[in-house]
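Residue-level listing of the chains:
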Amino acid sequence: MFRFTTGERAPLYSAILHAFGEANERLVTALSLDEVRERLRGAGWFDALTDDDLVDALRKLREWRLLDAVQNHAGNYRTAEEYERRNLQYSLTRRGEAAFAGVQHALSVLASSGALQTAVLDAIADRLTALAALLGDPTSPDRRVFSTLQELEGHLDALRSNTKQFNGELQRLLQSEGADTDLAVFHEVKAATVAYLQEFLSHLDQRAHAIAGAVARVDELGVEMLRDRALAGAELPPTVGGTSEAVWMEARRARWDGLRAWFLPSDGAPARVEQLHHVARRAIVTLLQVLDRITQARHRSSSAAEDFRELARWFAVAPAEQDAHRLWATAFGLGPSRHAHLVHADPETVPTSAAWSEAPPVEVSALLRSSGRTERFTRTGRVRDVATVKAARAERARAERAELEAAWELLHTSGPVRLSHFTQLDHAVFERLLDLLGRALAVRPDAAGLRRAETGDGRVEVLLGPPSTPGEAVLRTPRGRLTAPDYEVEIRHTSGSGAVLSTATPAARVPNPAAPVARQQERVTG
């Protein structure tokens, strides 16, 4: 089918097919020899071409079943030469139309670039929502169903083709590693690509979830009804045997299966949009790793010899002597002597008239060069006495532990009670009760509907059963009240961890002699 694209005369064959393709777009299906020659210039063929060469090219295309020739019996011919030139008319066969479309598609793919377009995802969700609305309305026209389905399939094709093309370009970018590109340019491309991928992934999960929900709604309304109504609105031309309708329906089933494979697979496999998410995430990481590897590979190794050579070049091109002195001071950090004020340990032994070259040396501190000052030796600071702090912390820990023990004892029940049993609570005790209820509600109930949970230290266990009555429990504290279902609650100490607490008398379990707390203890321990 594509043999016309190879060989010495491939440009001529391609120009002829392009001329016929342009004519088909203008609804001109047949061209004579002269009309083919005229349209070749519009197809970009400007070389000299004899009639024999053109006829030979048309004959070759006929042999490949890309063109068909028929005689024009309706024409009027004045001469035999005119009859020979205008009698035969050429037209594209279906094979020729397919070959021309394939070449056009290949050229468009080479000229275009892939993209990850969130607008396509939004359009798919919008078209699915419109289809669900049309299916839910029996009075809606079938033509609207057909056109909406066509738009949905077009958006899906755009998503698939753009995603595949962008993925291919992305993998080629990762493999190139900037070998033929300037490092700065490659860095800009990398940064832009990473930002592009992050922008695409920012709301990909939400869009994919919305599309999956729309697909599920259309499935509930009936996909077969959707295809039947779309077929009625397609108004296909009649054919022998009615095979076109069967082929059309099979194509629609394949497209719908492809849509489900992307967003809501029926076989339990991961959706392709999730695979796209993983590919984009891996590409971001790989792009960053590639840039780091290229930067490290091209980074010049540092050496003192090379640094001195470079410094010598700078001295050689210094414009003036003052510039050279300034470069020297900057490179080596040499400055005026800052130790001239130092004196000997016993200055009286050194006469003032002694030359510096004859005077004994003076010890200079190493800190004088780095910080501009000498060491100062002072007494070691006193160690702070932390005994008071430790005692206060221990006392606070004992108080907190006593408060916790008191709260557990106040909440301890000898058996299952209703939540409304705890009517009036101190706020600290209420917080402990609320923590126990939260732990119990966070676990799954067993077969009997009972929820079981323990505190973090494993000393207290709570059993929470479903409400036996439809009433509500109202728990009051000095800071407000809480209304909740009237669960059945049992709070007890686990075995081996609270033996002393569980056997203590009610009076011994009261940590606070205040009257409200005592009355609450009487209601709880009852």
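Rules and cut-offs
Residues numbered from 1 in each chain as written. Predicted model: local features only at pLDDT ≥ 70, side-chain atom pairs only at ≥ 80, totals over all residues. Heavy atoms only, no water. Helix = DSSP H or I, 4+ residues; strand = E, 2+ residues; numbered from the N terminus. Contact = heavy atoms within 4.5 Å. Areas by Shrake-Rupley, 256 points an atom, 1.4 Å probe, with all protein chains shown as cover. Buried < 20%, exposed > 50% of the residue type's maximum accessible area, 1.4 Å probe, protein only. Arc of directions from axis to C-beta. Pairing = 2+ DSSP bridges. Axes fitted to C-alpha atoms, helices over the stretch in contact; angles between N-to-C directions. Parallel < 35°, antiparallel > 145°, perpendicular 65-115°, else oblique. Left-handed = near helix turned anticlockwise from the far one by under 90°. Nonpolar A, V, L, I, M, F, W, Y, C, P; charged D, E, K, R; others polar. Phe/Tyr/Trp six-rings, centres within 6.5 Å; stacked < 30°, edge-to-face > 60°. pLDDT = per-residue confidence, 0-100. Expected span 1.5 Å × (residues − 1). Polar contact = N/O pair within 3.5 Å; in protein donor to acceptor, adjacent residues only side chain to side chain. Salt bridge = Lys/Arg side-chain N within 4 Å of Asp/Glu carboxyl O. Core = buried A, V, L, I, M, F, W, Y, C linked by side-chain atoms within 4.5 Å.

Visitor: How should I be thinking about the overall build of the protein chain in this particular structure?
Guide: For the protein chain, the helix and strand inventory stands at 19 helices and eight strands. By sequence separation, contacts in the protein chain at least 24 residues apart represent 66% of the contacts at least 6 residues apart. Carbon and sulfur atoms provide 54% of the accessible area of the protein chain, an area that totals close to 33700 Å².

Visitor: Help me understand helix H2 (residues 33-42), please; the structure alone is not making it clear to me.
Guide: An α-helical turn contains 3.6 residues, so any two residues separated by three or four positions project in the same direction. Listing the buried residues of H2 in full gives Leu33, Val36 and Leu40. Down the axis of H2, the sector holding all buried residues measures 50°, keeping them to one side. Across from the buried face of H2, at angles greater than 90 degrees, the exposed residues are Glu38, Arg41 and Gly42. The first or second residue beyond H2 is Gly44, which carries a positive phi of 95°.

Visitor: Sorry if this is basic, but what is going on with the sheet that holds strand E8 (residues 488-493) here?
Guide: The pairing of strands in a sheet happens through backbone hydrogen bonds and is either parallel or antiparallel. The antiparallel open sheet is built from four strands, whose spatial order is E3-E8-E5-E4. Two strands in the sheet have a free side with no partner beyond their single neighbour: strand E3 (417-418) and strand E4 (451-454). Here four bridges tie E4 to strand E5 (residues 460-465), and the two strands are oriented antiparallel to one another. Note that in E5 the partner of Glu454 across the bridge is Glu461. Against the sheet, helix H17 (residues 427-441) engages E4, E5 and E8, with an angle of about 65° to E5.

Visitor: Please explain the packing of helix H10 (residues 223-234) against helix H11 (residues 243-263) as it appears in this structure.
Guide: Axis separation between H10 and H11 bottoms out at 11 Å; the angle between their running directions is 135°. Relative to H11, H10 is oriented oblique. The interaxial crossing formed by H10 with H11 has right-handed handedness. In contact with Val223, Glu224, Leu226, Arg227, Asp228, Ala230, Leu231 and Ala234 of H10, H11 contributes Glu245, Trp248, Met249, Arg252, Arg253 and Trp256. Considering only residue class, the contact of H10 with H11 consists of eight nonpolar, no polar and six charged.

Visitor: Any chance you could explain the packing of helix H13 (residues 304-316) against helix H14 (residues 321-332) here in plain terms?
Guide: Two quantities define a packed helix pair, namely the angle between the helix axes and the distance between the axes. At a closest axis distance of 10 Å, the pairing of H13 and H14 adopts a crossing angle of 160°. By the angle between their axes, H13 is roughly antiparallel relative to H14. Here H13 runs over H14; the crossing is right-handed. Note on element contacts: H14 touches H13 through Ala324, Leu327, Trp328, Ala331 and Phe332, opposite Phe308, Leu311, Trp314 and Phe315. Residues of the contact of H13 with H14, tallied by class, amount to nine nonpolar, no polar and no charged.

Visitor: Quick question: what am I supposed to make of the packing of aromatic side chains here?
Guide: Centre-to-centre distance and the angle between the planes together describe a pair of aromatic rings. Under the definition given, this model contains three aromatic pairs. Look at Trp262 and Phe263: their rings are 6.3 Å apart centre to centre, the planes differ by 40°, and that puts the pair in the tilted class. Owing to a relative accessible area of 6%, Phe263 belongs among the buried residues under this scheme. Summarising the aromatic geometry, the rings of Trp328 and Phe332 are spaced 4.4 Å apart at their centres and angled 45° between planes, so their arrangement reads as tilted. Residue Trp328 and its partner Phe332 are located together in helix H14, separated by four residues, close to a single helical turn. Given a relative accessible area of 32%, Phe332 falls into the partly exposed group.

Visitor: Can you walk me through the environment of Ser91 in this structure?
Guide: Inspection of the secondary structure assignment puts Ser91 in strand E2 (residues 88-92). Residues Ser91 and Asn24 lie 67 residues apart in sequence; the distance between their C-alpha atoms is 9.1 Å. Other than its neighbours up to four places away in sequence, Ser91 contacts Phe20, Thr29, Ala30, Leu66, Leu67 and Asp68.

Visitor: Can you help me understand the confidence of the model for the protein chain in this one?
Guide: As a general rule, the predicted coordinates of low-pLDDT regions are not to be interpreted in detail. Here the protein chain averages 76 in pLDDT, while 78% of its residues score no lower than 70. Counting contacts from residues 496-526, a segment whose pLDDT is below 50, to residues more than four positions away or on other chains yields 36 contacts.

Visitor: So what exactly am I meant to see when it comes to helix H3 (residues 51-63) here?
Guide: With 13 residues, H3 extends 18 Å from end C-alpha to end C-alpha; this agrees with the ideal 18 Å at 1.5 Å per step. In the segment just after H3, Arg65 is the residue with positive phi, at about 60°.

Visitor: It is not clear to me how the side chain of Ser140 should be interpreted in this structure. Could you clarify?
Guide: For Ser140, the position within the fold is in the loop between helix H6 (118-136) and helix H7 (142-176). In this structure the side chain of Ser140 is engaged in a polar contact, spanning 2.7 Å, whose partner is the backbone oxygen of Asp137. Once residues within four sequence positions are removed from consideration, Ser140 is found in contact with Leu134 and Arg229.

Visitor: Explanation requested: the pattern of salt bridges in the structure shown.
Guide: It is possible for side chains bearing opposite charge to pair when their charged atoms get close. Following the criterion strictly, the structure yields 22 salt bridges and no others. With a closest N to O distance of 2.7 Å, Asp126 and Arg127 form a salt bridge. The partly exposed category is assigned to Asp126, whose relative accessible area is 42%. Judged by relative accessible area, Arg127 falls into the buried class, the value being 19%. We note a salt bridge from Asp142 to Arg229, for which the minimum N-O separation is 2.9 Å. Here Asp142, found in helix H7, pairs with Arg229, found in helix H10; they are 87 residues apart in sequence, far enough to count as distant.

Visitor: What's the story with the side chain of Arg252 in this structure? I'm lost.
Guide: Locating Arg252 in the fold gives a position in helix H11. Residue classification places Arg252 among the buried positions, given a relative accessible area of 9%. Those residues within four positions of Arg252 in sequence are excluded, and the remaining contacts are Leu149, Gln150, Glu153 and Arg227.

Visitor: Just to check I follow, could you spell out the nonpolar core for this structure?
Guide: A general tendency of soluble globular proteins is for nonpolar side chains to be buried together. Ranked by internal contacts, the top residues of the largest apolar core, which has 45 residues, are Leu128, Trp256, Leu259 and Phe263. Elements that contribute at least two residues to this core include exactly H6, H7, helix H8 (183-201), helix H9 (204-221), H10, H11 and helix H12 (272-298). A total of nine residues in this core trace back to one element, the largest contributor, which is H6. Judged by nonpolar contacts, the second largest core, of 27 residues, contains Ile16, Leu33, Leu40 and Leu54.

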